[in-house]
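# What the coordinates show
Residues per chain, in single letters:
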Amino acid sequence: KQWYQRRVRGARMERIKAVCNARKQPNFHAYAMFYFPKLKVTWLPVFKASSTTWKNFLIDKTLPPDVTFNSNHYGYGLIIPFRLDWKKMIGPKTGPRRKRVWEVEPNDSIRFTVIRHPLSRLVSHYRKTMTSPADQDAFRDRWIKAAIIHARRNRAWSAEKQRDYEKEMDDMLRLDAENPKGSPDNPYLALPTFPELVRFILDVHEPKRLNKHWIPIAQRTDICQNDLDIVMKLENEQNELPYLLERLNLSRFTDDLMSVKRNPSGGKIVAETEVEEHLKLLSKNEQKQLNKLYQIDYDMFGYEPVYV
């Protein structure tokens, strides 16, 4: 605990404070926090940073076992009632920092989030999406179809041909991406490559509209405004988790969190070599642009950009 306080938590939070001051307290107007009164804990999820594990854990510890959402005991819909809706704020919605300004959240609640290297998050998201595209496309803002069209559309096609190709792509995503059926000359009948995803991110999405699975963490968490108490790095979970659970007064559940309902894609950190293998598929300019997108995370949390 003392080691964590002095060398990890303290240094990380001081760095965040310094970067926020240097950037003049940017406000992204993000309020994606959930307060669980039974535990007096406020959680800010970062997708692809163990968010499913924490969501399942918090549902287990705060809701009856027979509660379901769309027949799923671990659906995100179950925690929606715990969300700190900005409409219910009782304090200023702007300013140097938004502290405990919600009616339901006491000042002594503990706010925390778990973060992860942004390129590791991106590669993990891509890998997960490619293993189950039909399910993933439905729950991840349907970027697969948009990325394919962005990369492969031929503007010389007639409107009818475009519609036919898109229908065949829809059937592929819905039925069988490994054995697509359709026109042999339809370029849409293959899942997007990693470079196509990156080009889609860089070309199409404005910063304020980035998909929540690849948005910079500083923006997703609104780190300079949301007054977090603890920011844990998933890469150092083994060392940091005991202290986090102690601060949350949840140490008695350590074994539960580490051993049950672990999300297969989020529970295992993408190796640095796998990130590098994906980056090798990009041009030098694309690597530069992608790292630039995440510069705020590198500055804020001490992560390093990756070039190959």
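Refer to the structure presented above.
Residues numbered from 1 in each chain as written. Predicted model: local features only at pLDDT ≥ 70, side-chain atom pairs only at ≥ 80, totals over all residues. Heavy atoms only, no water.

### Side note on the overall build of the chain
Condition: Secondary structure counts use DSSP, requiring at least four H or I residues in a row for a helix and at least two E residues in a row for a strand, with both numbered from the N terminus. Each residue is assigned to one of three classes by its accessible area relative to the maximum for its type, calculated with a 1.4 Å probe on protein chains only: buried under 20%, partly exposed between the two thresholds, exposed over 50%. Two residues qualify as a contact provided that any one of their heavy atoms is within 4.5 Å of a heavy atom in the partner residue. Values of accessible area rely on a 1.4 Å probe in the Shrake-Rupley scheme; residue burial ignores everything except the protein chains shown.
What the chain contains, in helices and strands, is 13 helices and 4 strands. When the 308 residues of the chain are sorted by exposure, 50% land in the buried category. Across the chain, the fraction of contacts at a sequence separation of at least 24, relative to all contacts at a separation of at least 6, is 69%. Within the structure as shown, the chain displays about 15,600 Å² of accessible surface, and the carbon and sulfur contribution to it stands at 50%.

### So, the packing of helix H5 (residues 143–152) against helix H7 (residues 194–204)
This is how the line gets drawn: The axes are straight lines fitted to the C-alpha atoms, using for helices just the contacting stretch, and the angles between their N-to-C directions are given from 0 to 180°. Roughly parallel refers to an angle under 35 degrees, roughly antiparallel to one over 145, roughly perpendicular to one between 65 and 115, and oblique to any angle outside these ranges. Following the grouping adopted for this structure description, the nonpolar residues are Ala, Val, Leu, Ile, Met, Phe, Trp, Tyr, Cys and Pro, the charged ones are Asp, Glu, Lys and Arg, and the polar ones are all others, Gly among them.
Taken N-terminus to C-terminus, the directions of H5 and H7 make an angle of 85°; their axes are 9 Å apart at the nearest point. The orientation of H5 with respect to H7, classified from their angle, is roughly perpendicular. On H7, the residues that touch Trp143, Ala146, Ala147, His150, Ala151 and Arg152 of H5 are Glu196, Leu197, Arg199, Phe200, Asp203 and Val204. Partitioning the contact of H5 with H7 into residue classes produces 7 nonpolar, 1 polar and 4 charged.

### Considerations on the pattern of salt bridges
Going by this rule: By definition, a salt bridge exists where a carboxyl oxygen of Asp or Glu is found within 4 Å of a side-chain nitrogen of Lys or Arg.
Using the criterion set out here, one finds 12 salt bridges in the structure. Note that lysine 145 is salt-bridged to aspartate 170, the shortest N-O span being 3.1 Å. Separated by 25 residues along the polypeptide, lysine 145 in helix H5 and aspartate 170 in helix H6 (residues 159–175) bring together distant segments of the chain. Taking the shortest distance from any N to any O, the salt bridge between glutamate 277 and lysine 280 comes out at 3.1 Å. Taking the relative accessible area as the measure of exposure, glutamate 277 reaches 46% and is therefore partly exposed. On the basis of relative accessible area, lysine 280 is assigned to the exposed category, the value being 53%. Connected via shared salt-bridge partners are Lys145, Glu166 and Asp170.

### Some thoughts on the pairing of strand E3 (residues 110–115)
Note the cut-off: A pair of strands is considered paired only if DSSP assigns at least 2 bridges between the two.
Along E3, 6 of the 6 residues are buried, which leaves the element largely enclosed by surrounding structure. Burial along E3 is two-sided: Ile110, Phe112 and Val114 and Arg111, Thr113 and Ile115, pointing in opposite directions, are all buried. Across 3 bridges, the pairing between strand E2 (residues 41–43) and E3 is parallel. Bridge pairing in E3 places valine 41 opposite isoleucine 110.

### Here we look at the state of the cysteines
Using the following cut-off: Count a disulfide wherever a pair of cysteine sulfur atoms falls within 2.5 Å.
Following the criterion strictly, the structure yields 1 disulfide and no others. Put simply, cysteine 20 and cysteine 224 are joined by a disulfide, and their sulfur atoms are 2.0 Å apart. Taking the sign of the torsion about the S-S bond as the criterion, the disulfide between cysteine 20 and cysteine 224, at about -90°, is left-handed. Remark: cysteine 224 occurs in the loop between helix H8 (217–221) and strand E4 (230–233) and cysteine 20 occurs in helix H1 (residues 2–22); sequence separation between them is 204 residues. Exposure class is identical for cysteine 20 and cysteine 224. Each is buried.

### Observations concerning the nonpolar core
Put simply, the rule is: Definition used in this section: a nonpolar core is a set of buried Ala, Val, Leu, Ile, Met, Phe, Trp, Tyr and Cys residues joined via side-chain atoms within 4.5 Å.
In terms of nonpolar packing, the biggest core is built from 56 residues, with Trp143, Trp214, Ile223, Met300 and Phe301 touching the most fellow members. Only H1, helix H3 (118–131), H5, H6, H7, H8, helix H11 (272–279) and helix H13 (295–301) provide two or more residues apiece to this core. Those residues in contact with methionine 300 that sit more than four places away from it in its chain are Arg15, Ile16, Val19, Cys20, Ala218, Ile223 and Cys224. Grouped together as the second largest cluster of nonpolar side chains are 27 residues, Ile110, Phe112, Leu244 and Phe253 included.

### Focus: the sheet that holds E4
The mixed open sheet is built from 4 strands, whose spatial order is E1-E2-E3-E4. In this open sheet, the two strands that pair with only one neighbour each are strand E1 (34–36) and E4. Across the sheet, the mean angle from the axis of one strand to that of its neighbour is 25°, orientation sign disregarded. Inspection of the sheet shows E3 paired to E4 by 4 bridges, in the parallel sense. Residue pairing across strands places valine 114 opposite methionine 232, the latter belonging to E4. Running over the sheet, helix H9 (residues 237–247) touches E3 and E4 and is turned about 155° from E4.

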